[in-house]
Amino acid sequence: MKIIHKLAQDIVDKTMSILERNINIMDGKGVIIGSGDKSRLNQFHAGAAQVIKEGKKLEIYSKDINHLMGAKPGINLPIEHNNKIIGVVGITGEPNEVSPFGEVIKMTVEMMLQQEFLLKEIQLEQQARGNFIHDLISGRIGNDPDLFLTRGQIVGYDILIPRAALVIDIYQFEKTAKQSLQAFKGSKEGEIHLQRLKNDVLKTIQGIFVDTPQEIVSYTGGDRFVVLKIINLKDSDEILRNKLFRVGKRIKNTISQQMKFKVTIGIGEYHKDIRGINKSFKEATQALDVGTKLEGAGDIYHVDNLGVGKLLAEIKGESQQEFMEKTIYSTKDNKEKKINETLLETLKAFFDNNLSISKTAQVIYAHRNTLLYRLRRVKEITGLDPKKFDDAVQLRMALKMRVYQGSDKFK
């Protein structure tokens, strides 16, 4: 471990506020990298170099300072980490006055360094785990699956255990995080607060799986988190789907209640082998995106329940726009008039009620004759009859595309 100036100066400032004595910290080469006397920074300290060489403390009296470059009266002690000397801590003053503080200061500095070292180790471990999960869901397995399995074992995961993906979208999480960061005006505390906010969400989700440590939970960026949920291959498709929905509901309710965020969740299918996680993650993301566009945020969507929405996700936006222009926005045989919101709303209600005239009339609070008149107007304007199967399919698809493209006015 190497002591850097920022860490050394931070330790000096904290220690001096208690001791009220000048303290210096020297690196492994004897250069002063932290001091209560800023004018001494970056100076070579011959006494510290001697301590590093001999491995024992050195007391410097006033009469000795002319023999040691960069030194002042005081006591200098080696800083040890993992049984190696990595620097020196010095207390300025006559040795007989400051010696009683020597071992205490040495121990304090070493404890601070150990704490910093452990913190960095934890951060590196979390970063390694995050990088591994990101590679796993992205399908970046590499040419050697066994090596990837070993990476998983190193960070604590057995990725041969079958799992399915749940992608969790927390409404405006990124915006909230940025606002929090801006409130600190870009200071170090702001970044810490931002990380704490992410960790709070992760801990909230992980708390649900406290008894099953092999469940994989990670932040994927933006507003989204992912859970790679362990599944039982003996379950039927229906049982598995119900179990995943229950897990999703628990996650959604827990985050909503404890953190007051609006949560939407997408669920993917299980796919075998380690590359199957990437497929499941893509499906969960698709379920989340399509479900949110067609039905709105705040619910749970499974990829198998998307219906025509899954097809819409595969059709380019330009193609969808062209299709809408040829159907609901068409003005065949009636170029002076275009379809309006009332007709579109009536058409949607007609399809939502399985083409039932009586049920649709009740839902839209309209007389049967009024409903029939509106359906005729749709046919006159678009050239498509909502009561005919083939025409109804085209109109229904066009309405779904309208919602998917974000131009819906009545969702």
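(A) Looking closely at the pairing of strand E8 (residues 224-230). A large share of E8 lies buried, amounting to five of its seven residues. With seven bridges connecting them, strand E6 (residues 163-170) and E8 associate as antiparallel partners. Along E8, the bridge assignment pairs Leu166 with Val227. Alignment of strand E7 (residues 216-221) against E8, held across five bridges, turns out to be antiparallel. The partner of Ile216 across the bridge, within E8, is Leu228. Connecting the antiparallel pair E7 and E8 is a turn made up of two residues, with Gly222 showing a positive phi of about 65°.

(B) Geometry of the side chain of Arg163. If you trace the backbone, Arg163 turns up in strand E6. Despite its burial, Arg163 pairs with no opposite charge; the closest candidate is Glu215, at 5.5 Å N-O. A polar side-chain atom of Arg163 sits 2.9 Å from the main-chain carbonyl oxygen of Asp158. A polar contact of 3.3 Å, which involves the side chain of Arg163, links it to the backbone oxygen of Ile161. Ignoring any residue separated from it by four or fewer positions in sequence, one finds Arg163 in contact with Asp158, Gln214, Ile216, Leu228, Lys229, Ile230, Ile231, Tyr270 and Ile277.

(C) Local environment of the sheet that holds strand E2 (residues 32-35). Pairing is antiparallel in the open sheet, where five strands are placed in the order E2-E1-E5-E4-E3. Only two strands of the sheet have a single partner each, and these edge strands are E2 and strand E3 (58-60). Within the sheet, the average angular offset between the axes of one strand and its neighbour, ignoring direction, is 25°. Note: strand E1 (residues 23-26) against strand E5 (residues 84-92), four bridges, orientation antiparallel. The residue bridging Met26 from the neighbouring strand is Val88, located in E5. Sitting on the sheet, helix H1 (residues 5-19) is in contact with E1, E2 and E5, with an inclination near 35° to E2. Its contacts with the sheet place helix H2 (residues 46-54) against E1, E3, strand E4 (74-81) and E5, and it is angled at close to 140° to E5.

(D) Representation of the side chain of His81 in the model. For His81, the location among the structural elements is in strand E4. Among the polar contacts listed, one links the side chain of His81 to the side chain of Gln114, at a separation of 3.2 Å. Not counting the four nearest positions on each side in its chain, His81 is found in contact with Met1, Ile86, Gln114 and Phe117.

(E) A look at the environment of Ala164. Here Ala164 is to be found in strand E6. Residue classification places Ala164 among the buried positions, given a relative accessible area of 0%. Separated by 83 residues in sequence, Ala164 and His81 place their C-alpha atoms 44 Å apart. Each residue touching Ala164, except ones within four places of it in the same chain, is listed here: Val227, Leu228, Lys229, Ile231, Leu244, Gly268, Glu269, Tyr270 and Ser280.

About the cut-offs
Residues numbered from 1 in each chain as written. Predicted model: local features only at pLDDT ≥ 70, side-chain atom pairs only at ≥ 80, totals over all residues. Heavy atoms only, no water. Buried < 20%, exposed > 50% of the residue type's maximum accessible area, 1.4 Å probe, protein only. Helix = DSSP H or I, 4+ residues; strand = E, 2+ residues; numbered from the N terminus. Pairing = 2+ DSSP bridges. Lys, Arg positive; Asp, Glu negative; His and termini not counted. Salt bridge = Lys/Arg side-chain N within 4 Å of Asp/Glu carboxyl O. Polar contact = N/O pair within 3.5 Å; in protein donor to acceptor, adjacent residues only side chain to side chain. Contact = heavy atoms within 4.5 Å. Axes fitted to C-alpha atoms, helices over the stretch in contact; angles between N-to-C directions.

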